[in-house]
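# Coordinate analysis (summary)
So you can see what is in the structure, the chains are spelled out below.
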Amino acid sequence: MIQIKHVNKSFGSVQVLKNIDLEVQKSHVFALIGPSGAGKSTLIRSINALESIQTGEIIVDGISVHDKKTNINQLRSDIGFVFQSFNLYPHLTAVENVAIAPVQVKKVPKDQAEEKAKKLLTSLGLGEKFGSYPSQLSGGQQQRVAIARALAMDPKVMLFDEPTSALDPEMIKEVLDAMRSLAATGMTMVVVTHEMGFAREICNQIVFMADGAIVEVAPPEQFFTHPKTERAKDFLSKVL
Ligand code: ADP
Ligand code: MG
């Protein structure tokens, strides 16, 4: 579903992605972990062209992401992205936040888009919050609205960049549970996370990055019990 081939990227003279190669199979969930500054956000953002790349290629479901001929709106409909900071529209209700992109980008009739928004919100445990504005919702609720908003576009892939890092501890579980349910539907997901329990339980593969490079890719049991590199051992000794 996602092919990343020989990707390099620099900000000025600093190379932040170094010859990245990775393939994510359909319906698999990959955790992207590693120390701060490793390049995790830059990599995941380059998958839906929020960041440009200098060399290499990223292909999502057959579409070359950074090809100038690629329709960026179409691409972003196919790739849902959930940010650490929920980025909801403050002046729109939960339902309106979820329905707006299908209406504006896909030209779905408003009543139809809102009907679907309500279904998605209900499935994420927000059946009581259709008319609430972001300021009236907790962080965990806002993040679930953000997940519903991404799903409203019927994406083929969902990307998450530290979706629980801005949340109070008691709200982390509700968001991880929503992601767990989504994974169970067969959604292809790449998740940058510091939640090692989630990575270990839910993910098919752990991708460990450091200093702009992929250092290890391994199934969770193997990675967490027998990391191959000193870099990974050192990281795990700090986070576990
Ligand atoms: P991570 O998400 O793993 O913490 P990032 O992808 O955010 O890492 O950052 C990787 C490196 O790229 C860091 O050294 C960071 O300072 C640098 N970087 C990220 N975004 C920019 C930018 N817009 N301009 C310059 N440097 C950046
Ligand atoms: Mg980051």
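The rules behind these values
Numbers given for residues are sequential positions, taken from 1 along each chain in its written order. Chain letters start at A and ligand numbers start at 1, both assigned in the order the entries are written. Local features in this predicted model are restricted to residues of pLDDT 70 or higher, and side-chain atom pairs are both shown and tallied only at a pLDDT of 80 or more, whereas totals for entire chains, interfaces and linings draw on every residue. Here the side-chain values reflect all heavy atoms present in the structure, with hydrogen atoms and water set aside. Proximity is defined per residue: any heavy atom of the residue falling within 4 Å of a molecule or strand makes that residue near it. For the purposes of these results, a polar contact is taken to be a pair of N or O atoms within 3.5 Å, where, inside protein, one atom must be able to donate a hydrogen and its partner to accept one; residues adjacent in sequence count only when each atom of the pair is a side-chain atom. We get accessible surface area from the Shrake-Rupley algorithm with a probe of 1.4 Å; when it comes to residues, only the shown protein chains can shield them. Helical segments are the DSSP runs of H or I of at least four residues, strand segments are the runs of E of at least two, and each set is numbered from the N terminus. Classification used: nonpolar for Ala, Val, Leu, Ile, Met, Phe, Trp, Tyr, Cys and Pro, charged for Asp, Glu, Lys and Arg, polar for all others including Gly. UniProt positions are given in the numbering used here, feature names are shortened, and annotations may be inferred rather than shown by experiment. Should DSSP find at least two bridges between two strands, the strands are regarded as paired. Each salt bridge in this description consists of a side-chain nitrogen of Lys or Arg and a carboxyl oxygen of Asp or Glu lying within 4 Å of one another. Exposed residues in this analysis have more than 50% of their type's maximum accessible area, buried residues have under 20%, and partly exposed residues fall in between, with area computed by a 1.4 Å probe over protein chains only. Here, two residues are considered to be in contact whenever any of their heavy atoms come within 4.5 Å of each other. The arc in question is formed by the directions pointing from the helix axis toward the C-beta atoms.

Surrounding ligand 1, one finds F11, V16, P35, S36, G37, A38, G39, K40, S41 and T42. At 3.0 Å, a backbone N or O of G39 approaches an oxygen atom of ligand 1. Taking S41, its side chain carries an N or O atom lying 2.8 Å from an oxygen atom of ligand 1. Taken by itself ligand 1 offers 560 Å² of open surface, and the protein chains cover 56% of this. At 3 residues, the largest contribution of residues to the shell around ligand 1 is made by helix 1 (residues 40-47). When grouped by side-chain class, the residues that make up the shell around ligand 1 number 4 nonpolar, 5 polar and 1 charged.

The residues that UniProt annotates with the feature "domain: ABC transporter" (unreviewed entry) are residues 2-236. Helix makes up 38% of residues 2-236 and strand makes up 26%, while its end C-alpha atoms are separated by 27 Å.

Pairing within the open sheet is antiparallel, and its 4 strands lie in the order 2-1-4-5. Strand pairing shows two members of the sheet lacking a second neighbour, strand 2 (14-24) and strand 5 (63-64), which therefore form its edges. In this sheet, strand 4 (residues 55-60) lies alongside strand 1 (residues 2-11) in antiparallel orientation, the contact comprising 5 bridges. In the strand pairing of strand 4, I2 is matched with V60.

Taken as a whole and assessed by the stated rule, the structure comprises 15 salt bridges. Here D154 ties to K116 by a salt bridge, and the two come within 2.8 Å at their closest N and O atoms. Residue D154 is found in the loop between helix 5 (139-151) and strand 7 (157-161), and its partner K116 is found in helix 4 (residues 110-123); the two are separated by 38 residues along the sequence. Look at K116 and you get partly exposed, because its relative accessible area is 31%. Close ionic contact of K233 with E230 constitutes a salt bridge, the shortest N to O distance being 3.5 Å. Of this pair, K233 and E230 both sit in helix 9 (residues 230-239), 3 residues apart, roughly one helical turn. We classify K233 as partly exposed; its relative accessible area is 38%.

A word on helix 3 (residues 94-104). Among the residues of helix 3, those classed as buried are A94, V95, N97, V98, A99 and P102. Where helix 3 is buried, its residues contact helix 4 and helix 5.

The next subject is helix 9. For helix 9, the set of buried residues is A232, F235 and L236. What you see down the axis of helix 9 is that its buried residues fit within an arc of 95 degrees, all on one side. What points out from helix 9, more than 90 degrees from its buried face, is the exposed set E230, S237 and K238. The secondary structure elements touched by the buried residues of helix 9 are strand 3 (29-33), helix 7 (196-202), strand 9 (205-210), strand 10 (213-218) and helix 8 (220-225).

Here we take up the pairing of strand 4. Across 2 bridges, strand 4 lies against strand 5 in antiparallel orientation. When the bridges of strand 5 are listed, V60 appears paired with I63. Between the antiparallel neighbours strand 4 and strand 5 lie 2 residues, among them D61 with a positive phi of about 50 degrees.

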